[in-house]
Structure formats: C-alpha cells, structure tokens
Amino acid sequence: MNLTEGEVRYVADLANLRLSDEEVQKMSHDLSQVLTHIEQLNELDTTNVKPMAQVLFDADETGSLREDVPHIPLSNAEALANAAASGGGYFKVPKVIERS
Amino acid sequence: MKGVSSDLPSLTVKSIRAGLLSRQFSARELAEAALAFAEKENASTNAFLTFAPERALAAAAKVDSEIAKDGFVGSLVGVPLGVKDVIVTKGLRTTCGSRILEHYIPPYDATAVFRLEAEGAVLIGKLNCDEFAMGSSNENSAFGPVRNPRSLDRVPGGSSGGSAAAVAQGTAVVTLGSDTGGSIRQPASFCGVVGVTPTYGRVSRYGLTAFASSLDHIGPFARNVEDAATVLQAMAGRDEQDATSAYAPIGNYEEAMKLPVAGLKLGLPREYFESLGAETGDVIYAAVKQLETLGCTVREISLPHTKYALSCYYIIATAEASSNLARYDGVRYSTRVNGDSLSEMYRNSRGSGFGAEVKRRIMLGTYVLSAGYYDAYYKKAQQVRTLIAQDFTNAFTEVDAILAPVSPFPAFKIGEKLDDPLAMYLSDVYTLTGDLAGVPCMSVPCGESPEGLPIGLQIFTKHFDEATMFRVAYAYEQSTLR
C-alpha cells in the first residue's frame, strides 16, 4: 500500500495539520510502511463477526445513568484560564467571516 | 530525618506506615527528603517534569496532624507519589509531554489522583512520558527522553517511562501511569518494577487525557506486588464522572493475593513464545518453572489471533487518537500560533505544537477514518478486535491465568529504534492484546538478561479478576525472596 505525497497533503488538510515538505515526504514513506503491514488483516474472514467498539460488561440497562443533581460547574474564569486569547467571557479566535 | 533519606529507595507503603505511626519520622520529613532526593536524581534520568513542593508539604502536614490526634490514617498514608503527566492535577502543570500543552494548568483533579490523596498519598511531582502517551521508549517527549536508571544509555520503555524510572530509582515510592497498548507493563519490565494494567473500566479515566478512549487505562507502578495492589485498591471502582467505569465488586486484593497458588491452572500461549529469543525466553521459562514448583499446573494454550493484534491496534488506537486530539486547536488550552484565518491558525498551532510521532498517528487515524476507507480499515479492525477478545474468553475456560513475556527484548539503547516506527511498534507485540481485550494484566520482575537488564513476566487474568493476577504475582515474588 503506497500513500503518495499528494494523498498525505490531502489527509493533513483533513486533520488540520501544517506539514513541511520534508515531513510530507517522510510521512509518505512511514505511513506506506505501516499500511502495508496492516493489510495482513485481509487474511482473516470476518464475515458475520460483530465489531467491538468498546469493552462491555454486564450491567443494568440504566447502569450509566445517574440522578440529576445540581452542582456548581467550572466557573467562566476557570474555563477561560488556559485560553490563548479571551475577552468578555469568551474565547477569542481570528475572524471567521470576511466582509465582502 | 537522615535515616529517611538514605532509606528512600527501599521504602514501601507498609514501612512508611509503620515509621509514621511509631513516630520514627514525620510525613513532612519524608516529603522533604523525597522531594530533595527526586530533584537531585532527576539530573541523571529526567523522570520528573514538574515538582510539587507546596502540594506535597500541605498533604504531609495534613497527615501529620491526623496522626498527632489519632485521627484518620489512610491506606497510603505519607507515601511519596508521582503521577504521569497525562493525568490532570488541579493547579499543577500537566503537559502530556507535549509542546502544545507546555503551559496548561488543569482546573480539576483526575479521580484516581483524588482518591489516592484522600488515602494520604503525598504527590511530589509529575512524570515525563511520550507525548500524549504515544511511544514505547519515552523518546517522544517534547521535554527530552527519560533514561533507564538501571542502565543510563538505555530507554526506560514507554510511554510511562518516567513513572517506571522514578519507582526504580527510588525517587517515588509508587507512581501512576497509563496503558493503551503496553505503556505500563513494558516500562515496568524494562526498569525492573511492578506495573499493573487493571481491567478496562476498573479505574476511572476521568482526568486521564484521552488518547484512545476504548483502550486507555490508568494503573500503578510499585517496587513490590503488595504496594501495587494497595494503590489499585485505593483508586478502583465506579466513578460517576466516567460512564465506562464499572460497578463490578472490587474485593480485597491484599487478602486474596496471599492465598496459596497450588492447584491454579496457568496457560502459556504458544504464539507468544514461537519467535522469542533465548535472552528473554530463558528467564521467562525459569519463572514458569518456579510457579510449577509452587504447585501450579502449566499447559500450553493458543491465542490464535495474536499476530493480528498490532495491525488491529494501530488502526483503532490512531483512529480514536485523531478524533481525541482534534481538541488541541490553539483555542481552549493549547499554545497558539497565529495565522491569517481560523483554519490557518489551527494548522499552524497543531503543526508546530505536536511532535513527529503524534503527527504520524493523527495522520494514520485520519486516513483510516476517511471517506471510502472506513469499512476496509476501522470496521475490519473492530471485527478483528472481537476475535482477539474471544481468544482470551476461550482461554479462560481452560486456565485461571496466562503467563507470557512482556516484551520480545529488554531495554534497548536510546536512539536505536527512533528512525523505524514499525520496529518501535513491534516492541509492543505482546502487550497490545491485553488492552484490546480489556483484561487485567501486569508485569512482575522475574530476572535479568545476561547483560544484567531487567525482564518482566506478564500475567493476564479474566475481566475483573485482578485478585488471581495478584495472587500469582505475589506467590512468585515471595518465592524468589526466600
């Protein structure tokens, strides 16, 4: 399985990752190697095998429900304390909508 | 006081309790000695990323005042604790070994940390690890590699390398790590300490920075089996903050592990021994023999899908990671690198904040989840995961516990596998299955290679049967002390 540099750039876009040209080249090599290894799964016939998304155990049907009890949540100031930029009680980000 | 500092590397949970209750030393003296020792020794191993003197001294003062008034004495009273830096601590920097969280100060404590501190543990600092727990050598930390205290030019294993190294070096008595594909057991084996990956759901993941949510576990490191069991006992059990944490009864590990092992049926999975070299194999077989002399019966078993675990794991773990790590976007809690637009800012922040291995896994995970590939990779891997889990279910109808090596080789040299991701991944080949199946498993030291490097014996038991796992480990450990 070969992942081209073009495909690497496409996936990096999906993942919101800036990669240098050198990184793209190395990524193409490394991911191709791993994907080739992964192809061995095709040796296995998995028709009718249920996919396992989570380790599940016996529990009541409502096992993960709890009483709805009011509690004091994280304060606005605490929630914003680690923000790169904040103001007026909000996270600040670069302008999303351009004026025409 | 002087006595305490020279004893640090040999202290145990029990000996600390005895020392405190007989007033040989105070919790404050112990905390000060532990902090000073850890800060001094850190120059050689780089195990700690952040020290927590204020928090440690406050916890110690509380312990001392309780002891003075014959008040509450918890199961971990006064015990110097280190915590892997992927587990959040309120008001104490938590970096995940990543540049992108270099300045992150969490607003809450992980449940596991909260529960250990409630039992009197004294948190002295945060421990180095591979970035976001992705790695098998601790070389992927943005803050430099950790060195193995048993051999400083070698890796301590990963990703919980700092947690294993601190216990081996004696700079912490017990530590917490996390295990997604072997990140507790493999470093425990490489550093010659006990490391436990409990059943999935046994310990709350609340406050554990998510890597692969269906595979992530918190577990303890200690210098002996009893201490590890005491730490697990203190943090195990349902937590409403983690919907996947289990209600299953916990039992009393300390009592259960002291039951004799005679009559227990142990299985050796042939797939784990087929290509195992003599360096590790001789030591593992000797440990198996030792358990036989204690009255266990040993038989060969098969876990037929073992060879597919690596492929299965690298699809599921990276898929989940690509989704979990989307939150580091330069907005809420990560370092920002500006750009002309919002999406440029995301790309720049993530591109410069993440290291090479984390990027590689985000890329692989994004690829296997992308349109047109989902069924071929992700769904296929989930189906293979079912087969791997069934292997264990079937095996446990025949045997009470499974014995295996932890790693195909002992600690390797720093830099040796850094340029070959696949070779690095292969060092986890014996540990991935436990996480995929969600069964409890641990590494207990069982000898050394001809070069004098530690080797760990891996023990698996069925879901929620940590008691039998500890029983086998404890019997083996005690028999080697005689």
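Quick caveat: nothing in here was measured; it's all calculated off a predicted structure.

1. Side note on the overall build of chain A
Across its full length, chain A holds 3 helices and 2 strands. When the helices and strands of chain A are listed from N to C terminus, the series reads α-α-α-β-β. The C-alpha atoms of chain A give 23 Å as radius of gyration, which overshoots the globular expectation for 100 residues (13 Å, by more than 25%). For chain A, the residues scored as buried account for 17% of the 100 residues in total.

2. Looking at the pairing of strand β2 (residues 80-84) of chain B
Residues and elements named next belong to chain B. Burial analysis of β2 places 5 of its 5 residues in the buried class, which makes it a mostly covered element. Because side chains alternate across β2, one face comprises the buried residues Pro-80, Gly-82 and Lys-84, and the other comprises Leu-81 and Val-83, equally buried. Regarding topology, helix α5 (residues 111-118) serves as the crossover connection from β2 to the parallel strand β3 (residues 122-127), and that connection is right-handed. In the sheet, β2 pairs with strand β4 (residues 174-179) via 3 bridges, with the strands oriented parallel. Note that in β4 the partner of Leu-81 across the bridge is Val-174.

3. Comments concerning the interface of chain B and chain A
Put simply, an interface is often sized by how much accessible area is lost when its parts join up. With 55 residues of chain B in contact, the opposing surface of chain A contributes 42 residues. Elements that contribute at least two residues to the side of chain B that touches chain A include exactly α11 (309-324), α12 (342-353), α13 (356-369), α14 (374-395) and α15 (421-426) of chain B. Top contributing element to the side of chain B that touches chain A by residue count: α14 of chain B, with 10 residues. For the side of chain B that touches chain A, the class distribution of residues is 27 nonpolar, 18 polar and 10 charged.

4. Overview of the environment of Val-167 of chain B
Structurally, the position occupied by Val-167 of chain B is in helix α6 (residues 161-169). Each residue touching Val-167 of chain B, except ones within four places of it in the same chain, is listed here: Ala-172, Val-174, Thr-175, Val-193, Phe-221, Ala-222 and Arg-223 of chain B.

5. Let's talk about the nonpolar core
Residues and elements named next belong to chain B. Core analysis: the largest hydrophobic core is formed by 171 residues, its most contacted members being Val-122, Ile-124 and Ile-459. Ranked by residue count, the leading element in this core is α11, at 10 residues. Beyond its immediate chain neighbours, meaning those up to four positions away, Ile-124 contacts Ala-31, Ala-34, Leu-35, Ala-38, Phe-51, Ala-52, Ala-56, Pro-80, Leu-81, Gly-82 and Ala-172.

6. Quick notes on the sheet that holds strand β11 (residues 454-460) of chain B
Residues and elements named next belong to chain B. Taken in spatial order, the 11 strands of this open sheet run β1-β3-β2-β4-β6-β5-β10-β11-β9-β7-β8, and their pairing is mixed. The outermost strands of the open sheet, each flanked by one partner alone, are β1 (48-51) and β8 (297-301). On average, each strand axis in the sheet is inclined to that of its neighbour by 30°, with strand direction left out of account. Here β2 runs beside β3; their pairing, made up of 5 bridges, is parallel. Within β3, the position partnered with Val-83 by the bridge is Lys-126. The sheet strands contacting helix α8 (residues 225-235) are β4, β5 (194-197), β6 (217-222) and β10 (441-448), and the helix crosses β6 at an angle near 145°. Along the sheet, helix α17 (residues 466-481) contacts β9 (401-405), β10 and β11; its crossing angle with β10, the most-contacted strand, is approximately 10°.

7. Quick word on the confidence of the model for chain B
With 99% of its residues at a pLDDT of at least 70, chain B reaches an overall mean of 96. If you check the scores for this complex, the pTM reads 0.97 and the ipTM reads 0.94.

8. Structural notes on α6 of chain B
All names here are of chain B. Counting buried positions along α6 gives 9 out of 9 residues, so the element sits mostly inside the fold. Listing the buried residues of α6 in full gives Gly-161, Gly-162, Ser-163, Ala-164, Ala-165, Ala-166, Val-167, Ala-168 and Gln-169. Just beyond α6, the residue with positive phi is Gly-170, at close to 90°.

9. What to know about the packing of α8 of chain B against α17 of chain B
The relative placement of two packed helices is expressed as an angle between their axes plus a distance between the axes. All names here are of chain B. The N-to-C vectors of α8 and α17 enclose an angle of 160°; their axes lie 9 Å apart at closest approach. Judged on the interaxial angle alone, α17 and α8 are roughly antiparallel. Together, Val-225, Glu-226, Ala-229 and Leu-232 of α8 and Glu-466, Phe-470, Ala-473, Tyr-474 and Glu-477 of α17 make up the contact between the two elements. Residue classes in the contact of α8 with α17 are distributed as 6 nonpolar, no polar and 3 charged.

10. Brief notes about the packing of helix α1 (residues 5-14) of chain A against α13 of chain B
In contact at an axis separation of 9 Å, α1 of chain A and α13 of chain B are set at 95° when each is read in the N-to-C sense. It follows that α1 of chain A is roughly perpendicular to α13 of chain B by the angle criterion. For the pair α1 of chain A and α13 of chain B, the contacting residues are Val-11, Ala-12 and Leu-14 of chain A in the first and Met-363, Thr-366 and Tyr-367 of chain B in the second. Taken together, the residues that form the contact of α1 of chain A with α13 of chain B break down as 5 nonpolar, 1 polar and no charged.

So, how was this worked out
Residues numbered from 1 in each chain as written. Chains lettered and ligands numbered in written order. Predicted model: local features only at pLDDT ≥ 70, side-chain atom pairs only at ≥ 80, totals over all residues. Helix = DSSP H or I, 4+ residues; strand = E, 2+ residues; numbered from the N terminus. Rg over C-alpha atoms; globule rule 2.2 N^0.38 Å. Buried ≥ 20, exposed ≤ 12 C-beta atoms within 10 Å, placed from the backbone. Right-handed = clockwise from strand over helix to strand, strands pointing away. Pairing = 2+ DSSP bridges. Contact = placed C-beta atoms within 7 Å. Nonpolar A, V, L, I, M, F, W, Y, C, P; charged D, E, K, R; others polar. Core = buried A, V, L, I, M, F, W, Y, C linked by C-beta atoms within 7 Å. Axes fitted to C-alpha atoms, helices over the stretch in contact; angles between N-to-C directions. pLDDT = per-residue confidence, 0-100. Parallel < 35°, antiparallel > 145°, perpendicular 65-115°, else oblique.

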